[in-house]
Amino acid sequence: MSAPPPPPPSTPSPAAPADWGADHLHLHRLLRRQPDLLPAGSPLLLAVSGGQDSMALVGLLSGLRRLHGWTLHLWHGDHRWRAESEQQARELEAWAGQRGLPISVDTWQDAPDGGPREAPARQWRYDRLRALASDLQVARVVTGHTASDRAETLLLNLARGSHRRGLASLRRRRPLSGGIALVRPLLGIRRRDTARICRELGLPVWPDPSNHDPRFSRNRVRGEVLPVLEALHPGAEGRLAELAEQLAEEEDAAGELLDLALAPLIARGPGEIGDQALRRRPLTRLERANQRLLLQHWLEARTGRRLSRRGLDSLLDRLAPARGPGQADLAGGWRLHWLRTTLWLSHDADRPPDDRHP
Ligand SMILES: Nc1ncnc2c1ncn2[C@@H]1O[C@H](COP(=O)(O)OP(=O)(O)OP(=O)(O)O)[C@@H](O)[C@H]1O
């Protein structure tokens, strides 16, 4: 029998600090696998509501910060939804101060009347976070979204009606503005784990009663829908979150496959317009679902916009082999033209004024 092969070389890493738990290690490994998520040595802006998820985020990232060389800055938004919210903001500020964690607190001065409102509150928070990140020259804003948030978002988007891309949210990383990205490193951890992490790390948690307010659709999914699914199929929440992760991976990788599939369909565009064209016949011979995918990808790469399924279908109906030449105005000043063998795009800016969109 031959000797077993030697273990693969691994990147040496400094010994884990004594106060690390298994959760620190999991997060550390994830960040090693995805080094662009929270790059070593970078400043990070942490959005902290004071609830268990964002407090667990602070606890875990504080534990890892020396090894990863980050500097942390905390931000808290006081929505003024409750009489005690100002007091809680002060307590959070004092707690962060004792731990040497710089923190900024903003108060929502012009909250709309009529009690808590989810969408404008979120808009206000992200506006403030964008502004502060740009003042502090921080390229990563970090939130405490968990696998439970991901499962809830998947269900909400499914119910509202969504393309695959919507079902793949929440993403671990998404652009916030300019060079600033929003990063959600806790998407692999469930809400029940963040409660445990807070207990184990001795972190204070300021409960937010608005998390139980049934006027927020997310709270109803959390409090009414998911418990039923869990009772019917234990582990449902984790599987929903994993499905979102899988869809996100496939969605990110799909562009590569679509580029390969498009390559044999690319033709030279008409002389003066110069841009690439698409060969009409081979496109329209494919299954309709593949025609949609390829035309959408080709158009999006050029115009930066996506068409609705209905918009795509009406174009594809007109592009069918039996139909003649034509053109269609698309949003953003774009126009799609087609002859018997090819289709191509032009833009308002490149056409004489009397040939532009009305
Ligand atoms: N008042 C707040 N101050 C600072 N950060 C907050 C506040 N509320 C929420 N956050 C941040 O957002 C994360 C998600 O919170 P929550 O699920 O309540 O927000 P959400 O509105 O559903 O967010 P999203 O729309 O991005 O999914 C928290 O873990 C925290 O990082």
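Residues numbered from 1 in each chain as written. Predicted model: local features only at pLDDT ≥ 70, side-chain atom pairs only at ≥ 80, totals over all residues. Heavy atoms only, no water.

**What about the sheet that holds strand β2 (residues 71-78)?**
- In space, the six strands of this open sheet follow the order β3-β2-β1-β4-β6-β5, with mixed pairing throughout. Looking at the sheet topology across the chains shown, the edges are occupied by β3 (103-107) and β5 (173-177). Across the sheet, the mean angle separating the axes of adjacent strands is 30 degrees when strand polarity is ignored.
- Of the pairings in the sheet, the one linking strand β1 (residues 43-47) to strand β4 (residues 140-142) comprises three bridges and is parallel in character. Of the residues in β4, the one forming a bridge with L44 is R140.
- Packed onto the sheet, helix α2 (residues 52-68) meets β1, β2 and β4 and runs at close to 160 degrees relative to β1. (Pairing = 2+ DSSP bridges. Helix = DSSP H or I, 4+ residues; strand = E, 2+ residues; numbered from the N terminus. Axes fitted to C-alpha atoms, helices over the stretch in contact; angles between N-to-C directions. Contact = heavy atoms within 4.5 Å.)

**A look at the site of the ligand**
- In the vicinity of the ligand, 16 residues are found, and the nearest of them are A47, G77, R122, R125 and Y126.
- Here Y126 contributes a side-chain N or O atom positioned 2.6 Å from an oxygen atom of the ligand.
- Surface burial for the ligand is 86%, taken as the share of its 620 Å² of free accessible area covered by protein chains.
- Elements represented by at least two residues in the shell around the ligand include exactly β2 and α4 (118-136).
- When grouped by side-chain class, the residues that make up the shell around the ligand number four nonpolar, eight polar and four charged. (Near = heavy atom within 4 Å. Polar contact = N/O pair within 3.5 Å; in protein donor to acceptor, adjacent residues only side chain to side chain. Areas by Shrake-Rupley, 256 points an atom, 1.4 Å probe, with all protein chains shown as cover. Nonpolar A, V, L, I, M, F, W, Y, C, P; charged D, E, K, R; others polar.)

**Digging into unusual backbone geometry**
- Between S169 and L170 the backbone carries a cis peptide bond, its omega angle lying at -5 degrees.
- Relative to the assigned elements, L170 resides in the loop between α6 (164-167) and β5.
- A positive phi angle is found at R80, which is not glycine, with a value near 60 degrees.
- As for its position among the elements, R80 is in the loop between β2 and α3 (85-98).
- On the accessibility criterion, R80 (45% relative accessible area) is partly exposed.
- Of note in the backbone geometry, Q137 takes a positive phi value of approximately 55 degrees without being a glycine.
- Turning to its location among the elements, Q137 is positioned in the loop between α4 and β4.
- Given a relative accessible area of 67%, Q137 falls into the exposed group. (Buried < 20%, exposed > 50% of the residue type's maximum accessible area, 1.4 Å probe, protein only.)

**Topic: the layout of surface pockets**
- Within this model, the second largest pocket holds a volume of roughly 620 Å³.
- What lines the second largest pocket is a set of 20 residues, among which H163, E251, L293, Q296 and R306 lie closest to the centre.
- Among the secondary structure elements, those contributing two or more residues to the lining of the second largest pocket are α6, α9 (236-262), α11 (288-303) and α12 (309-319).
- For the lining of the second largest pocket, the leading source of residues is α11, giving seven residues.
- Across the lining of the second largest pocket, the residue classes tally to eight nonpolar, four polar and eight charged.
- Among the domains, domain 1 (22-251) and domain 2 (268-355) are the pair contributing at least three residues each to the lining of the second largest pocket. (1 Å grid on protein atoms, 1.4 Å probe; cavity = no way out; pocket = protein on both sides within 12 Å on 5 of 7 lines; lining within 4 Å. Points joined across faces, edges and corners; volume = space filled by probe spheres on them. Domains from an automatic or database assignment.)

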